[in-house]
Each structure stands twice: as C-alpha cells, then as structure tokens.
Amino acid sequence: MCSPRIALCLFVAFVSSILSECNGQGYKPAPTCARLECPSYSVVQSEKEFEIRNYNDALWVSSPKIESNTYREGANKGFRIIRDYYRGNNSQQVKINMTAPVLVDVKGSTYAVHFYVPQKYQKSIPAPNSDEIKAVKIPKYKYAAVRRFDGFITNESIPIQVAALKKSLQGTPYQRAAAIDVYTVAGYNSPFNPVNRVNEIVIWFD
Ligand SMILES: *[C@@H]1O[C@H](CO)[C@@H](O)[C@H](O)[C@H]1NC(C)=O
Ligand SMILES: *[C@@H]1O[C@H](CO)[C@@H](O)[C@H](O)[C@H]1NC(C)=O
Ligand SMILES: *[C@@H]1O[C@H](CO)[C@@H](O)[C@H](O)[C@H]1NC(C)=O
C-alpha cells in the first residue's frame, strides 16, 4: 500500500486523516468486523463517494420476503426470524454465532433479511425448522456498488442514500448500476449502538 516512498505516504496518510478521507484505499473495515465474522470481498475501485466490490461466494441465510410499509418493520420482522434460527431454533438446536452485516434486500415494499453464515457452517448448516428460511448463495451478481453512511437507518434516509449512490455513479464505468431499482441495505451495528454506526447501500450488478 505505502512502500516504497514511506515518508511521502505517511505524509499523505496524515493529510488524509485530517480530511478524514482516504482516496484509493477503500472504506475501512467496519469496527464490528473486529469481533464478528464478516464476509470477504475485494475492492475493484474506491472513490470518495462509493466503492465497487467483488464479494466472494458465500452462504447466507435468508428470511422470507416481508411486505411492509416501513423499512423498520419489515427489517425487524425478518431479523427476528433469522435471529431465532441462529439462537437455536433449528433441526440441530445449535447456536450459530452472530455475524455482520445484516443485509436487507429492498424491492418496492418487500424486505428480505440475510445473515452471513460463519465459516464453521459454510459447508453445511443446520436445517431450519421452517421452509420459509432458506440458505442462499451471495452474491448473485459480479459487482456491488457500495455507499457508506452513518447514523440510524430510517425509512427517510434510505431513498436519500440510494439517490446519492446513483448520482455518484453517473459518468463512471459503473453507471449501468444506477438504472437498477432494487438495492440492499447493510447494517453493521445493533440498534443499541448509538454512535460510530456503519451502514451501506449496495446495488448489485454485472
Ligand atoms: C417508506 O419508504 C418507502 C420507499 O422508500 C415508501 O414506499 C413508504 O411509503 C414509506 N413509508 C412511510 C410510512 O413513510
Ligand atoms: C463464537 O463466538 C464466541 C464469542 O465471541 C467465541 O468465543 C467462539 O469461539 C465463537 N465460536 C465459533 C465456532 O466461532
Ligand atoms: C421456531 O421456528 C419456527 C419456524 O420459523 C416457528 O414457527 C416457531 O415459532 C419457532 N419457535 C420458537 C420457540 O421460537
């Protein structure tokens, strides 16, 4: 990353930290990923306002699609179904460690929640007690266009962040992603963490 011009690089890092941006090096790992397992990906391109990632294929667990008037209600219902499964409501009654982020696919007014499956169960996971809960492979598309934001995710903040992501993609080699009207909201924090929250809007595309 920094070698061989170490002095210059340290200077750039210093200035970047003052500007609280770090162009070209991608978003920093979410702090939550220091204590919970998170999925792996490589960064294809990083810009100030967005990042293009290539997620590695992995198993996730998905809730059914939930119809709701608000993000919060739809996401909470889906979250509780998968959390219940992770806490031991499964055919083997095993507890599965929580992971991050929680992904919520948003399509119109339907919400589907996904948890990443820890390494221990990537090859084979305990069968759910309901056929509404499914193991799915993510990603389904080659690329993810990602915009990070902080604070609490609300029904009002989501469309603003989605629009900002799409706007930032205009005129880039990835602008085809801006025409896609489904997206995923990634949340890295529990609702009990009031500060330093990390959220992302993800648009998947080929
Ligand atoms: C929540 O946002 C969605 C779309 O982003 C919208 O269709 C819905 O009407 C909003 N609900 C409320 C209660 O504002
Ligand atoms: C589950 O999480 C606990 C607490 O962080 C940790 O001690 C344990 O090793 C984890 N189990 C597995 C299988 O990763
Ligand atoms: C276990 O999961 C099934 C299927 O999702 C659900 O119907 C049932 O209420 C759950 N049981 C408990 C104790 O939460």
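Coordinates for the structure precede this section.
None of the values given here were measured: they were computed from a predicted structure. (Residues numbered from 1 in each chain as written. Chains lettered and ligands numbered in written order. Predicted model: local features only at pLDDT ≥ 70, side-chain atom pairs only at ≥ 80, totals over all residues. Heavy atoms only, no water.)

## Things to note about the overall build of the protein chain
The helix and strand tally for the protein chain stands at three helices and ten strands. By residue count, 45% of the 206 residues in the protein chain fall in the buried class. The long-range fraction of contacts in the protein chain, counting pairs at least 24 apart against all pairs at least 6 apart in sequence, stands at 70%. Here the protein chain displays about 11900 Å² of accessible surface, and carbon together with sulfur accounts for 54% of that area. (Helix = DSSP H or I, 4+ residues; strand = E, 2+ residues; numbered from the N terminus. Buried < 20%, exposed > 50% of the residue type's maximum accessible area, 1.4 Å probe, protein only. Contact = heavy atoms within 4.5 Å. Areas by Shrake-Rupley, 256 points an atom, 1.4 Å probe, with all protein chains shown as cover.)

## Some details on the site of ligand 3
Surveying the vicinity of ligand 3 reveals the residues Asp84, Asn89 and Ser130. For ligand 3, an oxygen atom lies 3.3 Å from a polar atom in the side chain of Asp84. In this structure, an oxygen atom belonging to ligand 3 sits 2.4 Å away from a side-chain N or O atom of Asn89. Protein burial of ligand 3: of its 360 Å² of free accessible surface, 37% is covered by the chains. (Near = heavy atom within 4 Å. Polar contact = N/O pair within 3.5 Å; in protein donor to acceptor, adjacent residues only side chain to side chain.)

## Details of the pairing of strand β10 (residues 199-205)
For β10, the tally of buried residues reaches seven of seven residues, placing the bulk of the element in the interior. Here β10 shows two buried faces, one formed by Asn199, Ile201, Ile203 and Phe205 and the other by Glu200, Val202 and Trp204. Here seven bridges tie strand β8 (residues 143-149) to β10, and the two strands are oriented antiparallel to one another. Looking at β10, one finds that Ala144 is bridged to Trp204. Direction of pairing for strand β9 (residues 183-187) relative to β10: antiparallel, over a ladder of four bridges. (Pairing = 2+ DSSP bridges.)

## Notes on the site of ligand 1
Looking at ligand 1, the residues that line it are Asn69, Thr70, Asn155 and Pro159. Between ligand 1 and Asn155 there is a distance of 2.5 Å, counted from an oxygen atom to a side-chain nitrogen or oxygen. In isolation ligand 1 offers 360 Å² of accessible surface; the protein chains occlude 44% of this area. Its residues assigned to classes, the shell around ligand 1 comprises one nonpolar, three polar and no charged. (Nonpolar A, V, L, I, M, F, W, Y, C, P; charged D, E, K, R; others polar.)

## Considering helix α2 (residues 71-86)
With 16 residues, α2 should reach 22 Å at 1.5 Å per residue; the first-to-last C-alpha distance of 22 Å fits that figure. Regarding α2, the residues found buried are Tyr71, Gly74, Ala75, Gly78, Ile82, Tyr85 and Tyr86. One side of α2 holds all its buried residues, which, seen down the axis, span an arc of 100°. The elements touched by buried residues of α2 are β3 (58-62), β4 (66-67), β5 (102-107), β6 (110-116), α3 (157-169) and β9. The first or second residue beyond α2 is Gly88, which carries a positive phi of 125°. (Expected span 1.5 Å × (residues − 1). Arc of directions from axis to C-beta.)

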